[in-house]
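As a plain string of letters, each chain reads:
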Amino acid sequence: MEFKLEAHRIVSISLGKIYNSRVQRGGIKLHKNLLVSLVLRSARQVYLSDPCPGLYLAGPAGTPAPPPQQPGEPAAGPPAGWGEPPPPAARASWPETEPQPERSAVSEAPRVGDAVPAATVTGVGDVPQGGEADAAEAAWNRVDGPRQAAAGEAEDPAGGWGVFPLGSRAARRPCGCPLGGQDPPGTPAATPRAACCCAPRPAEDEPPAPPAVCPRKRGAAGVGGGPASCPAPGSTPLKKPRRNLEQPASGGEDDDAEEMETGNVANLISIFGSSFSGLLRKSPGGGREEEEGEESGPEAAEPGQICCDKPVLRDMNPWSTAIVAF
Amino acid sequence: MAGAGGGGCPAGGNDFQWCFSQVKGAIDEDVAEADIISTVEFNCSGDLLATGDKGGRVVIFQREQENKSRPHSRGEYNVYSTFQSHEPEFDYLKSLEIEEKINKIRWLPQQNAAHFLLSTNDKTIKLWKISERDKRAEGYNLKDEDGRLRDPFRITALRVPILKPMDLMVEASPRRIFANAHTYHINSISVNSDHETYLSADDLRINLWHLEITDRSFNIVDIKPANMEELTEVITAAEFHPHQCNVFVYSSSKGTIRLCDMRSSALCDRHSKFFEEPEDPSSRSFFSEIISSISDVKFSHSGRYMMSRDYLSVKVWDLNMESRPLETHQVHEYLRSKLCSLYENDCIFDKFECCWNGSDSAIMTGSYNNFFRMFDRDTRRDVTLEASRESSKPRASLKPRKVCTGGKRKKDEISVDSLDFNKKILHTAWHPADSVIAVAATNNLYIFQDKIN
């Protein structure tokens, strides 16, 4: 659970960094954005694989994947090295190092990453309102679909992640508390955005569904980003996010982050949604701008390691495209 | 110059007592961003010390000759020349501002009375000539002393201009501008031992230039993937071998170093040697990839070793052993548990440099809280020193500092949580022969010497 919170927090921080890098002087720094995207990928993996039913409360799909996966899997010894193409059995060995199984939930993360760069491509000025927000929110519902499907498969994203939980646990516990003793204000609101980023793509394909997911969105999202930088107890986090959203951001982040965090979540979704739609129409390799200084999505960079089912693969491509365009 | 006569340069670690010598820069608490020093480099003799800052300026200090009348000014560095090297530019095609921050300065070996250096920002490299002028011609025919042109028809007699002494004036003039060769941000330049060529490296490409030719450069490394979505690593630093003009190395964000031989092929995408230390799986975290990214790579003066700096450590490699480094020195291991916070405040992306002393027996690199670390390779001892105004009394010895990692904090120790992460020492330089070091702390340049010197 705590890993999920930490991962979620890191996802939102990472997205904030990518978002802010647009306006940094000197142009987009390829190196830094590459590193941030790697962290994003790691955090996304952990976040989506950490089975915490409590986080997905009142969700239409319930838990993304059944935990029982782990006991039934045969132990296969230590997983392959980080970043190496994992043998299929490597994933099975994860339970040895980590009580909770690593679910290859690649479906959600790509969209997360996609959305932010996509937004930057179109510019924050294109803030569609109203209907698109509904569509985006509705699409958020559909996130569970592919995720569930993906979870059920023997996925093995970017192999070697199996070792990850143990190491990350060791790293995360101490660093759960920031040095300054204060969470970056961008976190609470960023997480809903991160979660909602999943929305846009499905929105492309499906007609809007009723936007009933809002409370769940905020609940799930806020859990990771609240002041509980240390793991929060199971039930109380639900309340925290709403409080955080209402509270003014405490200092720390710059104005850009502040803007993002207090912005209307639906607006953000729609921003990403609209940007995303444009990207989807383009060819995967193209992206919106073929600038040299673009960021790239390393997630798609290890073809040998991703054994995803079709929906997930479909998700991956646009995300990478979006990052490229960004 | 005291100490310069000694054959081997003394080790820099604990054998000597480092003392404060000078500090350059304003004392204000409010530091203008443009004043932040972004690179420090001694020239080949050590008589000149160049600094570049975020405002695009280069300041060169010259070491004073030892003076009997002022015995205490043992080789003080005083301002020699200041000039604006780069200006902010705007790339209209991409709607990008190009920062004027000086990323690197590299001196050329001195071949005549003038000094030459290369300075670079993100996109453009410039060759500057720094020359002294201490004579002035007087008695021109076509212009009078004010410089106004004379009417040729009014001239009735001709005279030969004569040279008269004047106050020393140091002029810096741009001799070459090497532009438009880099799509990404330049992170390194390195002058070749042939004194004719140099390389410049950006995130994905390395170009080879001839110092005389500005309209062409040869691309010798290109790691840009056909599909940018497949990008997994970028080039972070590159350097020519100090003696073998065909050999250079470049480091990557994945913690690898590749040594390339330009004789093997025109495009050195395939390395001759590949240096990588296998990762310790037990120390995996979200940030393992970031902290393994190499921020600086430097050959030893001998050319037999090289040193790489990643976020938490410095590694010394033997060029003949690719499998693992010869030595690994922890710079600030106590930060390993703070990586998440350092990620949040962006400190984890700080690019620390490292440097060798003249005899390759010691290495130095910076840390936070204005601390810098020295590792003596012979005695295997290390020391943490601080560049601060408090310990800036003339010839005051620097007291070793210690960071308390947990448990009871002893007197004079500083706890990890009290470290000031805004005070970072990214750039340090070691005199090529003497025990003199230059340490850049934000907008201040500290110069330390050892007592014996």
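Nothing here was measured: the structure is a model prediction, and the numbers come from that model. (Residues numbered from 1 in each chain as written. Chains lettered and ligands numbered in written order. Predicted model: local features only at pLDDT ≥ 70, side-chain atom pairs only at ≥ 80, totals over all residues. Heavy atoms only, no water.)

A look at the overall build of chain A
Item 1. The number of helices and strands found in chain A is 15 helices and zero strands.
Item 2. Restricting to contacts in chain A with at least 6 residues of sequence separation, those with at least 24 account for 87%. (Helix = DSSP H or I, 4+ residues; strand = E, 2+ residues; numbered from the N terminus. Contact = heavy atoms within 4.5 Å.)

Some words on the overall build of chain B
Item 1. When you go through chain B residue by residue, the secondary structure sums to two helices and 32 strands.
Item 2. Expressed as a percentage of the 453 residues in chain B, the buried residues total 53%.
Item 3. A separation threshold of at least 6 residues defines the contact pool for chain B, and within that pool the share at least 24 residues apart is 55%. (Buried < 20%, exposed > 50% of the residue type's maximum accessible area, 1.4 Å probe, protein only.)

Thoughts on the environment of K451 of chain B
Item 1. As for its placement among the helices and strands, K451 of chain B is situated in the segment after β32 (444-450).
Item 2. In the structure, K451 of chain B is positioned 431 residues away from F20 of chain B in sequence and 9.3 Å away in space, judged by C-alpha atoms.

A word on the packing of aromatic side chains
Residues and elements named next belong to chain B.
Item 1. Following the criterion strictly, the structure yields 20 aromatic pairs over all chains and no others.
Item 2. Judged by centre distance (6.1 Å) and plane angle (75 degrees), the ring pair of F240 and F248 falls under edge-to-face. Each member of the pair, F240 together with F248, is buried.
Item 3. Judged by centre distance (5.8 Å) and plane angle (75 degrees), the rings of F275 and W317 are edge-to-face. Residue F275 is located in strand β19 (residues 273-275), and its partner W317 is located in strand β22 (residues 313-318); the two are separated by 42 residues in the primary sequence. No difference in accessibility class separates F275 from W317, as the two residues are buried.
Item 4. A network of ring pairs unites the aromatic residues F20, F372, Y446 and F448 as a single cluster.
Item 5. Taking NZ or CZ as reference, K143 lies 4.5 Å from the ring centre of Y140, over its face.
Item 6. For the cation-ring pair, R377 lies above Y305, with the distance from its terminal atom to the ring centre recorded as 4.8 Å. (Phe/Tyr/Trp six-rings, centres within 6.5 Å; stacked < 30°, edge-to-face > 60°. Lys NZ or Arg CZ within 6 Å of the ring centre and 35° of its normal.)

Quick look at the pattern of salt bridges
Item 1. Tallying each qualifying case throughout the model produces 38 salt bridges over all chains.
Item 2. The salt bridge partner of R336 of chain B is E333 of chain B, with a shortest N-O separation of 2.5 Å. (Salt bridge = Lys/Arg side-chain N within 4 Å of Asp/Glu carboxyl O.)

Some words on the sheet that holds strand β3 (residues 48-53) of chain B
Residue and element names in this part refer to chain B.
Item 1. Across the sheet, four strands lie side by side as β2-β3-β4-β5; this open sheet has antiparallel pairing. A strand with exactly one partner marks an edge of an open sheet, and here the two such strands are β2 (37-42) and β5 (77-84). Between one strand and the next, the sheet's axes are offset by a mean angle of 20 degrees, whatever the strand orientation.
Item 2. Note that β2 and β3 share five bridges and pair antiparallel. Across the sheet, residue E41 finds its bridge partner in β3, namely A50. (Pairing = 2+ DSSP bridges. Axes fitted to C-alpha atoms, helices over the stretch in contact; angles between N-to-C directions.)

As for the pairing of strand β20 (residues 296-299) of chain B
All names here are of chain B.
Item 1. Burial along β20 is two-sided: the face carrying D296 and K298 and the face carrying V297 and F299 are both buried.
Item 2. Note that β20 and strand β21 (residues 305-309) share four bridges and pair antiparallel. Bridge pairing in β21 links F299 to M306.
Item 3. The loop that links β20 with its antiparallel partner β21 comprises five residues; one of these, G303, has a positive phi angle of about 85 degrees.

A look at the nonpolar core
Item 1. If you look at the biggest cluster of nonpolar residues, it comprises 40 residues, and the most contacted ones within it are F287, Y311, L335, Y343 and I348 of chain B.
Item 2. In terms of residue count, helix α2 (residues 30-49) of chain A provides more of this core than any other element does, nine residues in total.
Item 3. In this structure Y343 of chain B touches I10, I13, S14, K17, V36 and V39 of chain A together with F287, I290, I348 and F349 of chain B, once residues within four positions along its chain are discounted.
Item 4. Core analysis: the second largest hydrophobic core is formed by 18 residues, V383, A387, A441 and F448 of chain B among them. (Core = buried A, V, L, I, M, F, W, Y, C linked by side-chain atoms within 4.5 Å.)

Focus on the packing of helix α1 (residues 2-21) of chain A against α2 of chain A
Residue and element names in this part refer to chain A.
Item 1. Interhelical geometry of α1 versus α2 gives an angle of 150 degrees and a closest axis separation of 8 Å. With respect to their mutual orientation, α1 and α2 come out roughly antiparallel. In the crossing of α1 with α2, the sense of the turn from one axis to the other is left-handed. Here F3, K4, A7, H8, I10, V11, S14, L15, K17, I18 and S21 of α1 lie close against α2, whose contacting residues are N33, V36, V39, L40, A43, R44, V46, Y47 and L48.
Item 2. The class makeup of the residues in the contact of α1 with α2 is 13 nonpolar, four polar and three charged. (Parallel < 35°, antiparallel > 145°, perpendicular 65-115°, else oblique. Left-handed = near helix turned anticlockwise from the far one by under 90°. Nonpolar A, V, L, I, M, F, W, Y, C, P; charged D, E, K, R; others polar.)

Details of the sheet that holds strand β15 (residues 213-222) of chain B
Residue and element names in this part refer to chain B.
Item 1. Strand order in the open sheet formed by four strands is β12-β13-β14-β15, with antiparallel pairing between adjacent strands. The strands lining the two open edges of the sheet, one partner per strand, are β12 (188-191) and β15. In this sheet, adjacent strand axes meet at a mean angle of 25 degrees when their direction is disregarded.
Item 2. The pairing of strand β14 (residues 205-210) with β15 spans five bridges and is classified as antiparallel. Residue H210 lies in a different strand from β15, and its bridge partner there is I213.

Observations regarding the state of the cysteines
Where two cysteines share a covalent bond between their sulfur atoms, that bond is called a disulfide.
Residue and element names in this part refer to chain B.
Item 1. A full pass over the atoms with the stated rule returns zero disulfides over all chains.
Item 2. In this structure C354 is a free cysteine whose sulfur lies 7.2 Å from that of C355, the closest cysteine sulfur available.
Item 3. Residue class for C354 comes out buried when judged on its relative accessible area of 0%. (Disulfide = S-S within 2.5 Å.)

Topic: unusual backbone geometry
Trans is the common state for peptide bonds, and a negative phi is the common state for residues other than glycine.
Residues and elements named next belong to chain B.
Item 1. Phi angles above zero are rare outside glycine, and D346 is one such case at about 70 degrees.
Item 2. For D346, the position within the fold is in the loop between α2 (339-344) and β24 (354-356).
Item 3. In this structure D346 comes out as partly exposed when scored by relative accessible area, which is 25%.
Item 4. In this structure, D360 takes a positive phi of about 65 degrees despite not being glycine.
Item 5. Looking at D360, the relative accessible area reads 9%, which means it is buried.

Observations concerning the confidence of the model for chain A
Item 1. Mean pLDDT for chain A: 47, with 15% of residues reaching 70 or above.
Item 2. Scored below 50 in pLDDT, residues 56-326 of chain A makes 531 contacts in the model with residues more than four places away or belonging to other chains. (pLDDT = per-residue confidence, 0-100.)

Topic: α2 of chain A
Item 1. Here α2 of chain A contains 20 residues, and its C-alpha end-to-end distance of 28 Å stays within 8% of the 28 Å for a straight helix at 1.5 Å per residue.
Item 2. With 20 of its 20 residues buried, α2 of chain A lies for the most part within the structure. (Expected span 1.5 Å × (residues − 1).)

Notes on the pairing of strand β17 (residues 247-252) of chain B
Residue and element names in this part refer to chain B.
Item 1. Among the six residues in β17, six count as buried, and that is most of the element.
Item 2. Here β17 shows no split at all, with V247, V249 and S251 on one side and F248, Y250 and S252 on the other all buried.
Item 3. Where strand β16 (residues 235-240) hands over to β17, the hairpin turn is made up of six residues, counted between the paired strands.
Item 4. The antiparallel pairing of β17 with strand β18 (residues 257-261) creates a hairpin that spans four residues between the two strands, and G255 there sits at a positive phi of about 85 degrees.

Let's talk about the environment of I257 of chain B
Item 1. As for its placement among the helices and strands, I257 of chain B is situated in strand β18.
Item 2. With residues up to four places along the chain from it excluded, the contact list for I257 of chain B reads V249, Y250, S251, K273, F274, F275, I294, V297, M306, S308 and W317 of chain B.

Side note on the confidence of the model for chain B
All names here are of chain B.
Item 1. Per-residue pLDDT for chain B has a mean of 91; in total, 95% of the residues score no lower than 70.
Item 2. In the predicted structure, residues 1-14 sits below a pLDDT of 50 and forms 37 contacts with residues beyond four places in sequence or in another chain.
Item 3. Prediction confidence for the complex, expressed as pTM and ipTM, is 0.67 and 0.89 respectively.

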